[in-house]
Amino acid sequence: MTTNWYNESVFYELYIRAYKDSNGDGHGDFRGAMEKLDHIKSLGVDCIWVMPHYPSPLLDDGYDISDYMGVHSDYGTLDDFKDFLDAAHARGLKVITDMVMNHTSDQHPWFQAARQDKNSPYRDYYVWSDTGTEYADARIIFLDTEPSNWTYDKVAGQYFWHRFYRSQPDLNYDNPQVHEEMFKAMRFWLDMGIDGFRVDAIPYLYEREGTNCENLPETHKFLKKMRRMVDDEYPGTLLIAEANQWPEDLLPYFGTTEAPEFQICFHFPIMPRLYMALKKGDKTPIVDILNRTPQKPEGTQWMTFLRNHDELTLEMVTPEEREWMWQQYAPNPRAKLNLGIRRRQIPLLDNDKRKWFLLNALFLSLPGAPIIYYGDEIGMGDNIWFPDRHGCRTPMQWDAGKNAGFSDAKETYLPVLCDDAYGYQQVNVVVQEDDPDSYLNLTRFLIQTRQRQSALKTGEMEWVETGNNSVLAFRRHIGKEGVLCLFNLSNQPQTFTLKRERVDLLSKSQQALSGTLTIASRGAHWLK
Ligand code: BGC
């Protein structure tokens, strides 16, 4: 692989707690995940993103870190982590971990020392106020739970700043010592041989009065410093930006050729528009957002996704679009969470395989490095009645045995799904292995077909006019080599006239097609 391996890669988001429990305590762990690396490899993915695996009180599922240089005892030991890493590398899989820089857990010894002593050097690791009135223009992100970004701490006798839960005090990036602490943590994992980080919640690192405290110049300056450290000391390390922002605000997170920041940025705004276009049977939302997406610097990449461990975020749509999405996709108010929808992909698509195939074929042919959320490869369901976002984080369904083959324990960290539609008795890896048309085998087919086409991995994209809003068409190409991607978003057959003979990579028969092509309702074609 070249140093730009990430440009062509497909990623897999792995939640260790949910994957496989090796010691019967009801929590997934690294030794369990190791047993399942062949499953991950079989999908055709190249890199695993491991969600936070650090010691943590787990009040935000590990995004509340209490020690940056350890492994949560439920998930195993540092040696287990190393073994997992080696086993992944032995299979040619890269591994990146989650780096939560914006905040720590309030149980972190830094915060404990800070709140107890005004004169502690750790006091200035966090952001304090006597009044809790500053930075009033910063929005509240977890607005179903938190009334303010300030919380009064009795022990400290002051308010502390937090963009997420009050159990997650924000670090103070005006203190250069904080930079050093984060770099120390990054070096610790990079020395062990990981391939990079997904860097969490980066728009919020600095606060400045009179701004919305997002995407500030100071934040970009720090991120350039971080990239410089990584490039100097660990060349080739991948940094992925989690910045839930509009395309024009995302672009600066790539930095410049002279002063780069991230090689990959999640493309948040495209995601809800894929669901929107499908429901409307109209390509306009997709075309508009991609036309609004600026050209990214050479060598960088977008990361595309259909779902992840969070709610399906509707932050990057207009208020009207958000209302429409809620009406369409969250008729039960319980499915709403903050500014999003706490549902997995398959229930959102009514467990309709045609819709699923269309959406996934579209997602896997868009420019960008796609990431698959664990469980989505078998069409796992959700449970909106679990608190927070837990309903989309239930145990992986391996087989129809006890606890879905996830664990031998009496009780698991969350119950396995056992409803009629998505229960583990019906939806599991073993059942789907033998069915060529299962979600599992179709996921493999789509990923592997994509990965054989350089044009789909890194080619340019150019719209093809169809004169029909229901039919989305674009060409991905490298020079003359290309694939014409055609999608009928509507529930009626549509036609498209081919100018030359082509072979459909998505049809098993691989028959040559020419002339007027009828695209079935919700049909998808990758034509070479
Ligand atoms: C993560 C969330 C988390 C938040 C705070 C996000 O962007 O994806 O799961 O709750 O950061 O760390």
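Below or above, wherever it landed, is the structure these notes cover. Counting of residues starts from 1 at the beginning of each chain's written sequence and follows it residue by residue. Selection of residues for local features in this predicted model requires a pLDDT of at least 70, selection of side-chain atom pairs for listing and counting requires 80 or more, and totals for whole chains, interfaces and linings are taken over all residues. Calculated side-chain values reflect all of the structure's heavy atoms, with hydrogen atoms and water omitted.

## Side note on the state of the cysteines
Criterion for a disulfide: a pair of cysteine sulfur atoms at a distance within 2.5 Å. Overall, the coordinates contain zero disulfides when judged by the stated rule. Cysteine 47 takes part in no disulfide bond, and the closest cysteine sulfur, belonging to cysteine 265, lies 16 Å away. With a 1.4 Å probe rolled over the protein chains alone, any residue whose accessible area is under 20% of its type maximum counts as buried; one over 50% counts as exposed, and the rest are partly exposed. Looking at cysteine 47, the relative accessible area reads 0%, which means it is buried. Residue cysteine 265 is classed as buried on the basis of its relative accessible area, which comes to 0%.

## Some remarks on the packing of aromatic side chains
The rule is short: rings of Phe, Tyr and Trp, with Trp giving its six-membered ring, pair when the centres are within 6.5 Å, and they are stacked under 30 degrees, edge-to-face over 60, tilted in between. As enumerated under the stated definition, the model contains 42 aromatic pairs in all. Seen in terms of ring centroids, tryptophan 5 and tyrosine 6 are 5.8 Å apart; in terms of plane orientation they differ by 75°. Their pairing is edge-to-face. Ring centres of tyrosine 15 and tyrosine 374 lie 6.3 Å apart, and the angle between their planes is 50°; on these two criteria the pair is classed as tilted. Of the two residues, tyrosine 15 sits in the loop between β1 (11-14) and α1 (16-19) while tyrosine 374 sits in the loop between β14 (369-373) and α14 (429-433), which places them 359 residues apart along the sequence. Overall, tyrosine 374 belongs to the buried group, its relative accessible area being 0%. Every member of this aromatic cluster is reached through a ring pair, and the members are Phe30, Tyr54, Tyr68, Phe81, Phe84, Trp110, Tyr122, Tyr125, Phe188 and Trp189. By definition here, charges over rings are those cases where NZ of Lys or CZ of Arg is within 6 Å of the ring centre and within 35 degrees of the ring normal. Of note, lysine 94 hangs over the ring of tryptophan 5, and the distance from its end group to the ring centre comes to 4.9 Å. Across from the ring centre of tyrosine 374, 4.7 Å away, lies the NZ or CZ of arginine 344, which sits over that ring. Helix and strand assignments follow DSSP, with helices taken as H or I runs no shorter than four residues and strands as E runs no shorter than two, numbered in order from the N terminus.

## Observations concerning the environment of lysine 118
Of note, lysine 118 is situated in the loop between α5 (109-116) and β4 (128-129). Between the C-alpha atom of lysine 118 and that of glycine 157, which follows or precedes it by 39 residues, the distance is 9.2 Å. Other than its neighbours up to four places away in sequence, lysine 118 contacts Arg123 and Gln158. Residues count as neighbours in contact if any of their non-hydrogen atoms are within 4.5 Å of one another.

## As for helix α15 (residues 439-451)
Its 13 residues give α15 an end-to-end C-alpha distance of 18 Å, which sits within 8% of 18 Å, the value for a rise of 1.5 Å per residue. Across the 13 residues of α15, eleven count as buried, placing the element largely inside the fold. Where α15 is concerned, the buried positions are Tyr439, Leu440, Asn441, Leu442, Thr443, Arg444, Leu446, Ile447, Thr449, Arg450 and Gln451. One less than the residue count of a helix, multiplied by 1.5 Å, gives the span that helix is expected to have.

## Observations concerning the pairing of strand β17 (residues 481-488)
Taken across its eight residues, β17 has seven buried, putting it largely inside the fold. A pair of strands is considered paired only if DSSP assigns at least 2 bridges between the two. Turn length for the strand β16 (residues 471-478)-β17 hairpin, with the two strands adjacent in sequence and antiparallel, is two residues, and the turn residue glycine 479 shows positive phi of about 55°. Across four bridges, β17 lies against strand β20 (residues 524-527) in antiparallel orientation. Bridge pairing links leucine 484 to leucine 527 in β20.

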